[in-house]
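As a plain string of letters, each chain reads:
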Amino acid sequence: MSMAVSCDFLCSELRARCNLNTGGDSAFVHCCCNKELVVGVGDDRGLVDYLLIVSSRTAQRLNQHTVLHYLAVGCVMDSDAGIICVEHCGPRVFCFQLPENCPACRTRLDHSQAALLPFRVPYPFVRASQHPCAVVIKPTNGDFLNDYKVSMDLHIGVTNSKGHVVEFDKGGLHRDRTALWNQCLIVSQMTAEPWIEHWDTTLETLSKEDCWTPQRYHEETFNCYTFVLSFLRCLRDGSLSEAAVSRVKFCEAFVSPRATVACKYIALYRRLKDSGYYVCRNSKSNKSIPTVV
């Protein structure tokens, strides 16, 4: 398929994907310095959103199949597993790369109309450094996608307004290990501007207390949760601080709901690693969704 035809197909799929009307908004495709193909939604005021950026060399080889794949994946984070979902003949198909043929009916995907255009399944994990003023969790050992099991402990920390993680463990208080938090879950995040300074001040004041030492650390009674819950209580932020009265109450209200969503993604990711694709024939039933053990 030539570049011009690919661009026309991209625009057509882009309009359908974004449900654009025939007004001022329009899909557009252009080459930037002959190095990359940029696909987006534009209007008279300029670019509204990027949906796709690929190298011009890749663009020269685009066909309808690969275009659908790129539209589904879009611009993903380095750590995003890039799970794609498409509904073609009824069942929803999950995969890392859009197959030539539908795994359910074996019809070529680029020769028929999909009931649901391919989309990237939302990635639940984040880089802590990109989310200031947040409470974040990750496995104590390893990462979520490859190592986590429901029986494992979760380590918890707090980011300041610059995205630096402050955490407490058997080695004491740490402020220099943010790079280890590139696949974590946000438990809660402060976005109200007037509270940001209060967040930093409270975190700094608590961090200066002399109790956060390796000697005081205890795996069960004085650990990472002790530090974070103490911070949240000092913050005096409504329901968040109220839930911080105990680890059990806090986990039930804030940690468990996020972990449940993450576990569904993890199970799907591992299923795809093993088989390449997963056909969900009853999307309304939780029984068809793989689980993490």
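Computed from a predicted model, the values in this text were never measured in an experiment.

> Help me understand the pattern of salt bridges in this model?
Close approach of charged atoms lets side chains of opposite charge pair. This model, assessed by the stated rule, comprises four salt bridges. Of the charged contacts, one joins E87 and R92 as a salt bridge, the two residues approaching to 3.2 Å between their closest N and O atoms. Taking relative accessible area as the criterion, R92 reaches 28% and is therefore assigned partly exposed. In this structure, a network of salt bridges that share partners links the residues E167, D169 and R177.

> How do you make sense of the pairing of strand β5 (residues 92–95) when you look at a structure like this?
The two faces of a sheet get side chains in turn, since along a regular strand they alternate between them. Relative to β5, strand β4 (residues 84–87) runs antiparallel, the two sharing four bridges. Bridge assignment links E87 to a residue of β5, and that residue is R92. Joining the antiparallel neighbours β4 and β5 is a turn of four residues, in which G90 adopts a positive phi near 135°. Bridge count for β5 against strand β12 (residues 277–280) is four bridges, and the pairing is antiparallel. Counted as the bridge partner of V93 is V279 from β12.

Scoring rules and cut-offs
- Residues numbered from 1 in each chain as written.
- Predicted model: local features only at pLDDT ≥ 70, side-chain atom pairs only at ≥ 80, totals over all residues.
- Heavy atoms only, no water.
- Salt bridge = Lys/Arg side-chain N within 4 Å of Asp/Glu carboxyl O.
- Buried < 20%, exposed > 50% of the residue type's maximum accessible area, 1.4 Å probe, protein only.
- Pairing = 2+ DSSP bridges.
- Helix = DSSP H or I, 4+ residues; strand = E, 2+ residues; numbered from the N terminus.

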